[in-house]
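Examination of the molecular architecture
Listed below, chain by chain, are the residues.
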Amino acid sequence: LAACNAYAQNLRCCRDIRFLVSTDLPAIEAINAVTYGGHDYIVAAFPTWLERQGKTAWAVGVEDGTGLLAGLEVLSLVDGGMTGWLEALRVHPRIRRCGVATYMQSHLVAFAMNKLRLARVRYNTATSNLASRRLAARCGLQEVAS
């Protein structure tokens, strides 16, 4: 808990959300290794996100205070550029439950609605994933179907 509190304090001070870059691949591989038993799609999708960065996708990450990537999320344009699609929200297990996911997702929702002026932002999660559903509600997203 002390590490979490120190990390959260650093995050509040630094606002260190940033675009992902090619040198983040080892950190993404490390997050992948501890997510879904190492069988996650994020490593395979990473090059595509970088190619689309700033055009039809915005891949962002948060550093852990030591300069290492600790979490990531991607906002993609779909529906002819009218809708933002959030995907790939991942936080390294060592700093989960520190507010990192809320910080990234709220940033991307605000960016989508205020800067890109999208009509809507969506994402998909399992109905059994209560933490993800609570996160969506905290970030202003409303459930439309279950």
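On a predicted model such as this, the values are computed, not experimentally measured, just so you know.

1. Some words on the packing of helix H2 (residues 25-33) against helix H3 (residues 42-52)
- One can describe the packing of H2 onto H3 by two numbers: an axis separation of 9 Å at closest approach and a directional angle of 150 degrees. With respect to each other, H2 and H3 are oriented roughly antiparallel. Remark: the crossing between H2 and H3 carries right-handed chirality. Every residue of H3 that contacts H2 at Leu25, Ile28, Glu29, Ile31 and Asn32 is listed here: Ile42, Val43 and Phe46.
- Counted by class, the contact of H2 with H3 contains six nonpolar, one polar and one charged residues.

2. A word on H2
- Looking at H2, one finds that the buried residues are Ala27, Ile28, Ile31 and Asn32. Taken around the axis of H2, the buried residues stretch over an arc of 145 degrees, which confines them to a single face. More than 90 degrees from the buried face of H2, the exposed residues found are Pro26 and Ala33.
- Of the surrounding elements, those touching the buried residues of H2 are H3, strand S3 (69-78) and strand S4 (83-91).

3. Side note on the pattern of salt bridges
- Counted by the stated rule, this structure contains four salt bridges.
- Between Arg18 and Asp24 there is a salt bridge, and its shortest N-O distance comes to 2.7 Å.
- When the shortest N-O distance is used, the salt bridge between Asp79 and Arg120 registers 2.8 Å. Of the two residues, Asp79 sits in the loop between S3 and S4 while Arg120 sits in strand S5 (residues 120-122), which places them 41 residues apart along the sequence.

Criteria and cut-off values
- Residues numbered from 1 in each chain as written.
- Predicted model: local features only at pLDDT ≥ 70, side-chain atom pairs only at ≥ 80, totals over all residues.
- Heavy atoms only, no water.
- Axes fitted to C-alpha atoms, helices over the stretch in contact; angles between N-to-C directions.
- Helix = DSSP H or I, 4+ residues; strand = E, 2+ residues; numbered from the N terminus.
- Parallel < 35°, antiparallel > 145°, perpendicular 65-115°, else oblique.
- Left-handed = near helix turned anticlockwise from the far one by under 90°.
- Contact = heavy atoms within 4.5 Å.
- Nonpolar A, V, L, I, M, F, W, Y, C, P; charged D, E, K, R; others polar.
- Buried < 20%, exposed > 50% of the residue type's maximum accessible area, 1.4 Å probe, protein only.
- Arc of directions from axis to C-beta.
- Salt bridge = Lys/Arg side-chain N within 4 Å of Asp/Glu carboxyl O.

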